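Working through the structure, step by step
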Amino acid sequence: MSAREQGPPVLWLGGPPAAGKTTVARLIARQHGLRWYNGEAHTWEHRDRALAAGHTWAVRWEALPRAERWTGPTARLLAMSLHHERGAMIADDLRALPASPATIAEGTPVTPPVAGDRERALWLLPTPDVQRERLLSRGMSPRDGAFRLYRSLLTEIENQVEAYGARSLRVDGSRSAAETAAEVEAAFAGALAEGPSAATAAERRELLRYGNRALVSQHEQFFARPWAPPPPPDAALVFACECGEKGCTEDVELPFAGFPRPPEPGSAPVLAPGHEAPVWPGGPAGSAPVDRPGPARPVSSPD
């Protein structure tokens, strides 16, 4: 299945957790005026689709007490993660996007059969040592079921990439995020030249809001579930500065509950100190920026 049948041209970036997909995709999207599609941000939408379809493992995961969801054999954890099922859902999401600009889509469920076009797809494959170090730095423990699942996904994805002869880039810890992004850019040089890309700061601002809004939606959907704990009052997320200037890589930490509410035309931009934003296309002028707050504790990652 390929998302190129409809919707925008897509650059696919896959790999297991802790490969650096999100960091690289955000850098490339902001530099080239692309839409950034983050597969993780759509986790709960995809789980709801699977529940509506009566998917056995989705129903079982939702019914389990939270303490038991990360227990049991790794094969069961993999099945309940919906790793293979979610790839098709990502393709559906991409077909529903506007035809322009091009999209860089990243996520662990991005697999070679979903991406299709070899020249528009690449997988970041960390060495086992690099992945382990990164997972530990996130506060995970080898005793955690999630840790076991993420380690198994590295093997699962490596095997599929090899079986399909797909392109990959080994992440061995010797490159910075910017250097890795530069190698990915080189691999996608032809597709990036084809575009289309956002041409103005206002258009880039729209794309940045799309990515930021997806992060807010992800957390709102998590905390809305009947078994979820109440959100911490100081929970914060890291958002992209919405100034829309090409080359801006500034981020803004902001409580996700205080993120500007829709509709977007006229809503306040999220800006790094000293940055200004163009008016939303079709929206009123004079929107006040959202000030950067003081330090806040980031919200924990959803299950």
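Here is what the cut-offs are and how they apply
Residues numbered from 1 in each chain as written. Predicted model: local features only at pLDDT ≥ 70, side-chain atom pairs only at ≥ 80, totals over all residues. Heavy atoms only, no water. Core = buried A, V, L, I, M, F, W, Y, C linked by side-chain atoms within 4.5 Å. Buried < 20%, exposed > 50% of the residue type's maximum accessible area, 1.4 Å probe, protein only. Contact = heavy atoms within 4.5 Å. Salt bridge = Lys/Arg side-chain N within 4 Å of Asp/Glu carboxyl O. Helix = DSSP H or I, 4+ residues; strand = E, 2+ residues; numbered from the N terminus. 1 Å grid on protein atoms, 1.4 Å probe; cavity = no way out; pocket = protein on both sides within 12 Å on 5 of 7 lines; lining within 4 Å. Points joined across faces, edges and corners; volume = space filled by probe spheres on them. Nonpolar A, V, L, I, M, F, W, Y, C, P; charged D, E, K, R; others polar. Pairing = 2+ DSSP bridges. pLDDT = per-residue confidence, 0-100. Phe/Tyr/Trp six-rings, centres within 6.5 Å; stacked < 30°, edge-to-face > 60°. Lys NZ or Arg CZ within 6 Å of the ring centre and 35° of its normal.

Focus: the nonpolar core
- Among the nonpolar cores identified, the biggest contains 48 residues, and Ile-28, Leu-34, Leu-124, Val-184 and Phe-239 are the most heavily contacted of them.
- Sequence-distant contacts of Leu-124, defined by excluding residues within four places in its chain, comprise Leu-13, Gly-14, Gly-15, Pro-16, Ala-19, Gly-20, Lys-21, Val-24, Leu-169, Val-171, Thr-180 and Val-184.
- Ile-90, Leu-94, Val-114 and Ile-157 belong to the second-largest nonpolar core, a separate cluster that totals 17 residues.

Topic: the pattern of salt bridges
- Tallied over the full model, the rule gives 14 salt bridges.
- When the shortest N-O distance is used, the salt bridge between Arg-225 and Glu-62 registers 3.1 Å. Residue Arg-225 is located in the loop between helix H11 (201–223) and strand E6 (236–240), and its partner Glu-62 is located in helix H3 (residues 56–63); the two are separated by 163 residues in the primary sequence. Glu-62 shares its class with Arg-225; the two are buried.
- Of the charged contacts in the structure, one is a salt bridge between Glu-242 and Arg-209, with a shortest N-O distance of 2.7 Å. Of this pair, Glu-242 sits in the loop between E6 and strand E7 (251–255) while Arg-209 sits in helix H11, placing them 33 residues apart in sequence. As far as burial versus exposure is concerned, Glu-242 and Arg-209 are alike and both buried.

As for empty space enclosed by the protein
- Under the counting rule described, the total for this entry stands at 2 cavities of 30 Å³ or more.
- Empty space within the largest cavity amounts to approximately 200 Å³.
- What lines the largest cavity is a set of 17 residues, among which Ala-29, Arg-30, Arg-204, Leu-207 and Leu-208 lie closest to the centre.
- Per element, the largest residue contribution to the lining of the largest cavity is 5 residues, and it comes from H11.
- A class-by-class count of the residues in the lining of the largest cavity yields 9 nonpolar, 4 polar and 4 charged.
- By volume, the second largest cavity amounts to about 30 Å³.
- Lining the second largest cavity we find Trp-36, Tyr-37, Asn-38, Ala-41, His-42, Tyr-210, Gly-211, Ala-214 and Leu-215.
- When residues of the lining of the second largest cavity are assigned to their parent elements, the largest contribution, 4 residues, is made by H11.
- By residue class, the composition of the lining of the second largest cavity is 6 nonpolar, 3 polar and no charged.

A few points about the pairing of strand E5 (residues 168–171)
- Residues Leu-169 and Val-171 of E5 are buried on one face, while the alternating residues Ser-168 and Arg-170, pointing to the opposite face, are not.
- In this structure, strand E4 (residues 121–126) lies alongside E5, joined through 4 bridges in parallel fashion. In the strand pairing of E5, Pro-126 is matched with Val-171.

Digging into the confidence of the model for the chain
- Scored by pLDDT, the chain has a mean of 90; 91% of the residues are at 70 or more.
- In this model, residues 291–303 is a region of pLDDT below 50 whose contacts with residues beyond four sequence positions or in other chains number 37 contacts.

With respect to the packing of aromatic side chains
- Summed over the entire model, instances satisfying the criterion amount to 8 aromatic pairs.
- Plain terms: the ring middles of Trp-44 and Phe-222 are 5.6 Å apart, the flat faces sit at 35° to each other, and that makes the pair tilted. Note that Trp-44 is positioned in helix H2 (residues 43–52) and Phe-222 in helix H11, a separation of 178 residues in sequence. In terms of burial, Trp-44 and Phe-222 fall into one category: buried.
- One cation-aromatic arrangement involves Arg-47 over Trp-61; the distance from NZ or CZ to the ring centre is 4.2 Å.
- A cation sits over an aromatic face here: Arg-60 above Trp-57, 4.4 Å from the ring centre.

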